[in-house]
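# Remarks on the overall topology
Here is what each chain is made of, one letter per residue.
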Amino acid sequence: MIDRRTLTKMIGLGAAATLPVGAATEAAAAPEAGPRRAPAAPAPGGHPGPGGHPGFGALKQVRAGVLDIGYAEAGPAHGRVVLCLHGWPYDIHSFADVAPLLADAGYRVIVPYLRGHGATAFLSPKTVRNAQQSAVALDVIALMDALKIPRAVLAGFDWGSRTAGVVAALWPRRVKALVPVGGYLVTHLPSQKDPLPPRSERTWWYQYYFATERGRTAMETRGNRYDLCRLVWEEASPTWEFDDATFERTAAAFDQPDHAAIVIHNYRWRLGLADGERRYDRYERLLAARPAITVPSLTLAPALDPFLPTTDDSAYRHLFTGPYEHRVLPGVGHNAPQEAPEEFARAVLDADRL
């Protein structure tokens, strides 16, 4: 285990690199001139909130692409930038303990809510509630453009790992280094038609539940959604003894008008049961070719993650062609940054030095 003082000594403070911004990939809406403070404020970062649980300071909001993105920020304004990306059924609080560690090491840490979660909202009611992988990845590019961030370290798990991988594969100039939990998670739609071994299929039970209208209704009903998400937490992190306050703090991010639509579309799209949008076809064609990730990468494999068939990297090592390291996290389940924040933060620091 490593504490904040040790992390701070591991890496010196530094200003963010001033590199030319790559060509904008898509600008569905012009960003406002700088971020805004969100009206609500969770507990200050690094200090106990309700029930003694750490949280973030006042959230910020910025218009980026098709979204008004809510995000937490920690660390010096001119530090090297790390974007921490959560998955489902999680939210920004998966990084509540990681962010202060990285901030103390001199990083500017930005943790956005994904579309359909928490304080991130669509700008227009007419925008398709689409959660295909390239659309979510373009949200990250739009956020970086709106905040005038030319390049950043990307670190994530679950949907966040996939999103970070897509950005690194398609727009490597925007990525200083990559920390993806689970390795190469870019969805390859053609292979999604092939069945997995039965034990693996059982782990994905909710994906098939969401393919039904019954599953959609469950996600639209608060009580059912609450119980379903908590069950996923328990199964995905079998030794993590989280309490009610920890789960409820995150579950508040699911009480959002677009949450059910985004989650349902994401899993149906992966199975070929829902269409994407034609404007993203060019990106999905590139991703179908399984492009290599050329940026420095440190992949993490939680030993108790039920979604990983193995903790070795043999299935995807050849897809990382830049500087590379792989680590196994013993005793850790799916929600790696929240279960093992010190190890996750150290992986970010080490990836940035590859």
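Residues numbered from 1 in each chain as written. Predicted model: local features only at pLDDT ≥ 70, side-chain atom pairs only at ≥ 80, totals over all residues. Heavy atoms only, no water.

To continue, consider the overall build of the protein. A count of helical and extended segments in the protein gives 13 helices and ten strands. Classification of the 354 residues of the protein by burial places 57% in the buried group. Looking at the protein alone, contacts between residues at least 24 apart form 78% of all its contacts between residues at least 6 apart. Working note: accessible area of the protein is about 14700 Å², and carbon and sulfur atoms make up 55% of it. (Helix = DSSP H or I, 4+ residues; strand = E, 2+ residues; numbered from the N terminus. Buried < 20%, exposed > 50% of the residue type's maximum accessible area, 1.4 Å probe, protein only. Contact = heavy atoms within 4.5 Å. Areas by Shrake-Rupley, 256 points an atom, 1.4 Å probe, with all protein chains shown as cover.)

This part is about the environment of Arg290. Note on placement: Arg290 falls in the loop between helix 11 (281-288) and strand 9 (297-302). The residues contacting Arg290, other than those within four sequence positions of it, are Tyr184, Val186, His188 and Leu319.

For the rest of this paragraph, the subject is the side chain of Glu284. By the element assignment, Glu284 lies in helix 11. Here Glu284 occupies a buried position and makes no salt bridge, while the nearest side chain of opposite charge, Arg162, is found at 9.2 Å. Contacts of Glu284, omitting those with residues within four sequence positions, involve Gln132, Gln133, Ser134 and Trp269. (Lys, Arg positive; Asp, Glu negative; His and termini not counted. Salt bridge = Lys/Arg side-chain N within 4 Å of Asp/Glu carboxyl O.)

A few words on the layout of surface pockets. To find the voids left in a structure, one rolls a probe of water-molecule size over its atoms. Counted as a void, the largest pocket has a volume near 1100 Å³. Looking at the largest pocket, it is lined by 39 residues, and the ones nearest its centre are Leu185, Gln192, Leu196, Trp204 and Phe307. Breaking the lining of the largest pocket down by element, the ones donating at least two residues are helix 4 (159-170), helix 5 (198-203), helix 6 (205-209) and helix 10 (259-270). No other element matches helix 5, which puts four residues into the lining of the largest pocket. Classifying every residue of the lining of the largest pocket gives 19 nonpolar, ten polar and ten charged. (1 Å grid on protein atoms, 1.4 Å probe; cavity = no way out; pocket = protein on both sides within 12 Å on 5 of 7 lines; lining within 4 Å. Points joined across faces, edges and corners; volume = space filled by probe spheres on them. Nonpolar A, V, L, I, M, F, W, Y, C, P; charged D, E, K, R; others polar.)

This paragraph deals with the packing of helix 7 (residues 213-220) against helix 10. Where helix 7 meets helix 10, the closest approach of the two axes is 9 Å, and the angle between their N-to-C directions is 145 degrees. For the element pair helix 7 and helix 10, the recorded crossing hand is right-handed. Side by side, helix 7 and helix 10 meet where Glu213, Gly215, Arg216, Met219 and Glu220 of the first sit next to His259, Ala260, Val263, Ile264 and Arg268 of the second. Tallied by class, the residues present in the contact of helix 7 with helix 10 amount to four nonpolar, two polar and four charged. (Axes fitted to C-alpha atoms, helices over the stretch in contact; angles between N-to-C directions. Left-handed = near helix turned anticlockwise from the far one by under 90°.)

For helix 10, which comprises twelve residues, the first-to-last C-alpha distance of 17 Å matches the rise-based estimate of 16 Å (1.5 Å per residue) to within 8%. Taken across its twelve residues, helix 10 has eleven buried, putting it largely inside the fold. Regarding helix 10, the residues found buried are His259, Ala260, Ile262, Val263, Ile264, His265, Asn266, Tyr267, Arg268, Trp269 and Arg270. Positive backbone phi, at 75 degrees, marks Gly272, one or two positions downstream of helix 10. (Expected span 1.5 Å × (residues − 1).)

In this structure, Leu83, Trp88, Leu102 and Phe210 are the most contacted members of the largest nonpolar core, which totals 108 residues. Looking at which element gives the most residues to this core, the answer is helix 3 (residues 133-146), with ten residues. Apart from residues lying up to four places away in sequence, Leu83 is in contact with Ile110, Val140, Leu143, Met144, Ala152, Val153, Leu154 and Ala155. (Core = buried A, V, L, I, M, F, W, Y, C linked by side-chain atoms within 4.5 Å.)

Opposite charge on two side chains permits pairing when their charged atoms draw close. Inspection of every chain in the model, using the stated rule, returns 19 salt bridges. Note that Arg108 is salt-bridged to Glu73, the shortest N-O span being 2.7 Å. Taken as a pair, Arg108 in strand 5 (residues 107-112) and Glu73 in strand 3 (residues 67-74) lie far apart in primary sequence, 35 residues in all. If you follow the salt bridges from partner to partner, you end up with Glu325, Arg327, Arg346, Asp350 and Arg353 in one network.

For the rest of this paragraph, the subject is the side chain of Thr246. By the element assignment, Thr246 lies in helix 9 (residues 244-251). Within the structure, the side chain of Thr246 is placed 2.7 Å from the side chain of Asp243, a separation counted as a polar contact. (Polar contact = N/O pair within 3.5 Å; in protein donor to acceptor, adjacent residues only side chain to side chain.)

Before going further, it helps to examine the packing of aromatic side chains. In total, this model carries 26 aromatic pairs according to the counting rule given. Where Tyr206 meets Phe210, the ring centres are 6.0 Å apart and the plane angle is 55 degrees; that geometry is what we call tilted. For the pair formed by Tyr206 and Phe210, the shared burial category is buried. Seen in terms of ring centroids, Tyr209 and Phe210 are 6.3 Å apart; in terms of plane orientation they differ by 25 degrees. Their pairing is stacked. The rings of Trp88, Trp159, Trp204, Trp205, Tyr206, Tyr209, Phe210, Tyr267 and Phe307 are connected pair by pair, giving a single aromatic cluster. (Phe/Tyr/Trp six-rings, centres within 6.5 Å; stacked < 30°, edge-to-face > 60°.)

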